[in-house]
Amino acid sequence: MTAVTDTCSNEKPSEHHDHHGPARGLMRWVLTTNHKDIGTLYLWFSFIMFLTGGAMAMVIRAELFQPGMQIVDPGFFNQMTTMHGLIMVFGAVMPAFVGLANWMIPLMIGAPDMALPRMNNWSFWILPFAAVMLISTLFMEGGGPNFGWTFYAPLSTTYGPPSTTFFIFAIHMLGISSIMGAINIIATILNLRAPGMTMMKMPLFVWTWLITAYLLIAVMPVLAGAVTMMLMDIHFGTSFFNAGGGGDPVLFQHIFWFFGHPEVYIMILPSFGIVSAILPTFARKPLFGYTSMVYATASIAFLSFIVWAHHMFTVGIPLVGELFFMYATMLIAVPTGVKVFNWVTTMFRGAMTFETPMLFSIAFVVLFTIGGFSGLMLSIAPADFQYHDTYFVVAHFHYVLVPGAIFAIFAAVYYWLPKWTGHMYDETLGKTHFWLSFIGMNLTFFPMHFIGLAGMPRRIPDYALQFADFNMIASIGGFMFGTTQLLFLFIVVKCIKGGEKAKAESWEGAEGLEWSLPSPAPYHTFTTPPDVK
Amino acid sequence: MNADDDTPDDLSRRTVIKTGLVAGGMFGFGFAMVPLYDVFCKVTGLNGKTDPNPYRYNAETAEVDTSRSVKVQFVATNNAEMSWDFKPSVTEVVVHPGEVGELEFFARNPTGERMIGQAIPSVSPFQATNYLHKVECFCFTTQTLEAGEEKIMPLRIIVDQALPRHITKLTLSYTLFDVTTMGERTQPS
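Note that residues are indexed from 1 along each chain, following the sequence as it is written. For this description, chains carry letters from A and ligands carry numbers from 1, given in the order in which they are written. Local features in a predicted model are, by the rule used here, given only for residues with pLDDT of at least 70; side-chain atom pairs are given and counted only at 80 or more, and totals for whole chains, interfaces and linings are based on all residues.

Participant: What should I look at first to understand the overall build of chain A in this one?
Facilitator: Elements are defined by DSSP. Helices are runs of H or I of four residues or more, strands are runs of E of two residues or more, and each kind is numbered from the N terminus. For chain A, the count of helices and strands is 16 helices and zero strands. Only the C-alpha atoms count toward the radius of gyration. The rule for a globule is 2.2 Å times the residue count to the power 0.38. Expected size for 533 residues packed as a compact globule is a radius of gyration near 24 Å; at 23 Å, chain A falls within 12% of this value. The dimensions of chain A, computed from C-alpha atoms along their principal axes, are 70 × 55 × 45 Å. Burial status across chain A gives 54% buried among its 533 residues. Burial is judged by counting other C-beta atoms within 10 Å of a residue's own C-beta: 20 or more means buried, 12 or fewer means exposed, and anything between counts as partly exposed, with every C-beta placed from the backbone.

Participant: Got a minute to help me understand the overall build of chain B in this structure?
Facilitator: For chain B, the count of helices and strands is one helix and nine strands. Secondary structure elements in chain B, listed N-terminal to C-terminal, are α-β-β-β-β-β-β-β-β-β. The C-alpha radius of gyration computed for chain B amounts to 24 Å, which surpasses the reference 16 Å derived for 189 residues by more than 25%, pointing to a less compact arrangement than a globule. Oriented by its inertia axes, the alpha-carbon framework of chain B measures out at about 80 × 50 × 25 Å. In chain B, which comprises 189 residues, the proportion classed as buried is 25%. We call two residues in contact if the C-beta atoms placed from their backbones are at most 7 Å apart. Put simply, 78% of the contacts in chain B that link residues at least 6 apart link residues at least 24 apart.

Participant: In this structure, what is going on with the sheet that holds strand 9 (residues 169-178) of chain B? I would like to understand it.
Facilitator: Two orientations exist for strands paired in a sheet by backbone hydrogen bonds: parallel and antiparallel. All names here are of chain B. Overall, mixed pairing links the five strands, which are arranged 3-1-9-5-7 in an open sheet. Either end of the sheet is taken by a strand with one partner, and the two such strands are strand 3 (92-95) and strand 7 (143-145). Each neighbouring strand pair of the sheet contributes to a mean axis angle of 25°, computed without reference to strand direction. Any two strands with at least two DSSP bridges between them are considered paired. Helix axes use the C-alpha atoms of the stretch in contact, all axes being lines fitted to C-alpha atoms, and the angles between their N-to-C directions lie in the range 0 to 180 degrees.

Participant: Teacher, can you tell me more about the domain arrangement of chain B here?
Facilitator: Frequently, the measure chosen for interface size is the accessible area removed from exposure when the parts meet. When its domains are assigned, chain B resolves into domain 1 (3-44) and domain 2 (70-182). As annotated, the domain borders come from an automatic or database domain assignment. The distance between the C-alpha centroids of domain 1 of chain B and domain 2 of chain B comes to 42 Å.

Participant: Looking at this structure, I do not really get the packing of helix 6 (residues 204-235) of chain A against helix 1 (residues 8-44) of chain B. What am I missing?
Facilitator: When two helices pack together, their arrangement is given by the angle between the helix axes and the distance between those axes. Their axes nearest at 7 Å, the elements helix 6 of chain A and helix 1 of chain B cross at an angle of 40°. Classed by the angle they form, the pair helix 6 of chain A and helix 1 of chain B counts as oblique. Classified by chirality, the crossing of helix 1 of chain B by helix 6 of chain A is right-handed. Of helix 1 of chain B, the residues touching helix 6 of chain A (which contributes Ile217, Ala218, Pro221, Val222, Ala224, Gly225 and Ala226 of chain A) are Thr19, Val22, Ala23, Met26, Phe27, Phe29, Gly30 and Phe31 of chain B. Of the residues that constitute the contact of helix 6 of chain A with helix 1 of chain B, the class distribution is twelve nonpolar, three polar and no charged. Comment on the angle field: the value is read as roughly parallel under 35 degrees, roughly antiparallel over 145, roughly perpendicular from 65 to 115, and oblique elsewhere. The handedness criterion is simple: a crossing whose near helix is rotated anticlockwise from the far helix by less than a right angle is left-handed, and one whose near helix is rotated clockwise is right-handed. Residues were grouped as follows: Ala, Val, Leu, Ile, Met, Phe, Trp, Tyr, Cys and Pro as nonpolar; Asp, Glu, Lys and Arg as charged; and all remaining residues, including Gly, as polar.

Participant: How should the sheet that holds strand 6 (residues 132-136) of chain B be read in this particular structure?
Facilitator: Residues and elements named next belong to chain B. The strand order across the open sheet formed by four strands is 2-4-8-6, and the pairing between neighbours is antiparallel. Every interior strand has two partners, whereas the edge strands, strand 2 (85-88) and strand 6, have only one. Neighbour-to-neighbour, the strand axes of the sheet open up by a mean angle of 30°, direction not taken into account. In terms of strand pairing, strand 6 meets strand 8 (residues 150-159) through four bridges, oriented antiparallel. Bridge pairing links Lys134 to Ile157 in strand 8.

Participant: Please explain the interface of chain B and chain A as it appears in this structure.
Facilitator: Taken together, the contact pairs 27 residues of chain B with 27 residues of chain A. Among the secondary structure elements, those contributing two or more residues to the side of chain B that touches chain A are helix 1, strand 5 (115-124) and strand 9 of chain B. Here the element with the most residues in the side of chain B that touches chain A is helix 1 of chain B; it accounts for 17 residues. Taken together, the residues of the side of chain B that touches chain A sort by class into 18 nonpolar, nine polar and no charged.

Participant: Looking at this structure, how should I read the nonpolar core?
Facilitator: Among soluble globular proteins, nonpolar side chains are generally buried collectively. Buried Ala, Val, Leu, Ile, Met, Phe, Trp, Tyr and Cys residues whose C-beta atoms connect them within 7 Å together make up a nonpolar core. One finds Val93, Val206, Ala226, Phe364 and Ala411 of chain A to be the most contacted residues of the largest nonpolar core, which totals 170 residues. Counting contributing residues per domain, this core is built from domain 1 (33-248) and domain 2 (268-515) of chain A, each supplying no fewer than three. In contact with Val93 of chain A, not counting residues within four places along its chain, are Met88, Met267, Leu401 and Ala405 of chain A. Core analysis: the next-biggest nonpolar cluster, separate from the first, contains 29 residues, Trp84, Phe86, Tyr131 and Val159 of chain B among them.

Participant: Any chance you could explain the domain arrangement of chain A here in plain terms?
Facilitator: Residues and elements named next belong to chain A. Domain parsing of chain A yields domain 1 (33-248) and domain 2 (268-515). Using C-alpha coordinates to define each centre, domain 1 is positioned 19 Å away from domain 2. In this assembly, 37 residues from domain 1 lie in contact with 37 residues from domain 2. Only helix 2 (35-63), helix 3 (74-109) and helix 6 provide two or more residues apiece to the side of domain 1 that touches domain 2. Top contributing element to the side of domain 1 that touches domain 2 by residue count: helix 3, with twelve residues. In terms of residue class, the side of domain 1 that touches domain 2 is made up of 26 nonpolar, nine polar and two charged.

Participant: Could you clarify how one ought to interpret the packing of helix 14 (residues 391-421) of chain A against helix 15 (residues 427-453) of chain A in this entry?
Facilitator: Residue and element names in this part refer to chain A. As a packed pair, helix 14 and helix 15 sit with axes 7 Å apart at the nearest point and diverge in direction by 165°. By the angle between their axes, helix 14 is roughly antiparallel relative to helix 15. Judged by the sense of rotation from one axis to the other, the crossing of helix 14 with helix 15 is left-handed. The segment helix 14 lies against helix 15, with Tyr391, Phe392, Val393, Val394, Ala395, His398, Tyr399, Val402, Pro403 and Tyr414 engaging Gly430, Met441, Phe445, Met448, His449, Ile451, Gly452 and Leu453. For the contact of helix 14 with helix 15, a count of residues per class yields 14 nonpolar, four polar and no charged.

Participant: Can you help me understand the confidence of the model for chain A in this one?
Facilitator: The predicted coordinates ought not to be read in detail in places where the model reports low pLDDT. Confidence along chain A averages 94 in pLDDT terms, with 96% of residues attaining 70 or more. Scored from 0 to 100, pLDDT records how confident the predictor is in each individual residue. pLDDT under 50 marks residues 1-18 of chain A. Its contacts with residues more than four places away, or in other chains, come to 16 contacts.

Participant: Which parts of the structure should I look at to understand the environment of Ser292 of chain A?
Facilitator: Residue and element names in this part refer to chain A. Relative to the assigned elements, Ser292 resides in helix 9 (residues 290-303). Spatially, the C-alpha atom of Ser292 lies 8.7 Å from that of Pro335, the residues being 43 residues apart in sequence. Aside from chain neighbours lying at most four places away, what touches Ser292 is Val338 and Asn342.

What follows is the structure, encoded as structure tokens:
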């Protein structure tokens, strides 16, 4: 036993006597109930999915490099757009946030582990199977899902490929995993906070995740209901969405977007928490307006339930409905504006330095705001008839998801890598990764605003000649952004293998319980609760 | 139950039960949206779906409002791969509110198979949906046609006297669906 190198070995018998370090070999990862191990698993899984979904985006951009049909057939193109969306949403962004929550929430609130460690293991290990099932549909007869990630009925029921059933089960499994993860996070935050850690002392990442978890348990079951209805329409002769049998296809859109709109906030609220942790550190000032941040997050979460029909302005809802959903949507700009102004004020006259996490966070604030503004443009119901289903929408949601969710995840990884690995990452390479991602991302998505306003429809493999130049620019940017992510992989692997030793407080003036722990964080932490002042 | 004595495990168990109930309840809510949507649409007429049951017409109490006339237009569309010939005998009728308008729809099954069709009505503008009554309609039940069979199907409508005055023209559109695999329905729901 003496050779065991974990930090909780018998050398400190006064502190620990009944804990063990990680088991050895592959089974450690299969059987683990340790929040750090599970967080790591989530993050690696999400990175693999990010590259998979990214490879599909490369196929899309390669086909759109020039007008005309050159590389893939239109059916496969449709499968690529669908799978890219599904994998990025359910495979990359959501698991990455759950991974960060697993790693950081217990460290931030002074808890020894997640509240339900065995369920935690289960909710992770469902994911790889769901992902394999989803991706395997591409190799089935009739191909994979080709109806867009929103899988509108009857396109996905009456006209869907035979593999749709596998897609439905994959969504069920992903949903179960998310719900269990969310319940675990709520139980941890509500019950395992260290003494003295009151709700209004919690770091904002914990707050935003608590609210996100409530959104998850509220809407993932609705999505499960929607795909269950699809399953019944396809196999059991019901007519939920079949007009011939008395159903209504528009009903599908209502149910889907009742899930779908809170879902987009599920993918952004944890980012708000991450950025609210990083900006104060590198501006060397406390976060401006903590309380207003908490209330703004809660307001956004509430409003997300009453705006869903702004995705459906063109289906024929009455004027009163258009107006209600238009104004309710615009209202979201208020709490979001509160957040953006708080971040800007936090940086204002701060002693700022620009390490990689800070660069990604500042880019987040600027670019997410651009995405927010195009969202406001889309919320104007009469104008939406022009924008609907064009590349303008694609530009909008990629501006909120790539520099929003993904940049925040990058920022979080760079910020906490020293805590996870015990090494500082290579700052020069990190900055290179940032600038290449920043330029690549803007090259890809900014021209899409223009071609969208000019009328290029989304999800079509060919386009009119006047869109050729901007599409070529977007494709070049896309290839650049895509390849850059291999550099990210290299930086992370390099940091795990070695590098400058990280101090306990890896960043000067960083606030939070996680920085009171040594780097790398020991396998077991806070077995006795810390004192929170 | 004194909350101070609870271990974190007890607290967590209670949180799991509560949040699990929320999740289960929301799964149910997803399904509850189906009838809620139907009721909402019925009250507002939003999706243009008319009453699937025959209108009980009372010739003695119904007063014909001769002060105005309403033009009712008819559209017949085939859904997706439905191969029947399907059309109205006239494209429009002009009626006074309260007066019965009569016309016929023609359907022919040109295929070599026995087929079942279901016509789904929709009224535009949707504000008029609840004011267009059908005394007799082929859409109340499914229609079965043998191979090559054709059929004249009567339609009798009444525009309600309470129809808002600003609506002077409305469209009754029928989309014909192939429901052969779903079977016959001979009773109005």
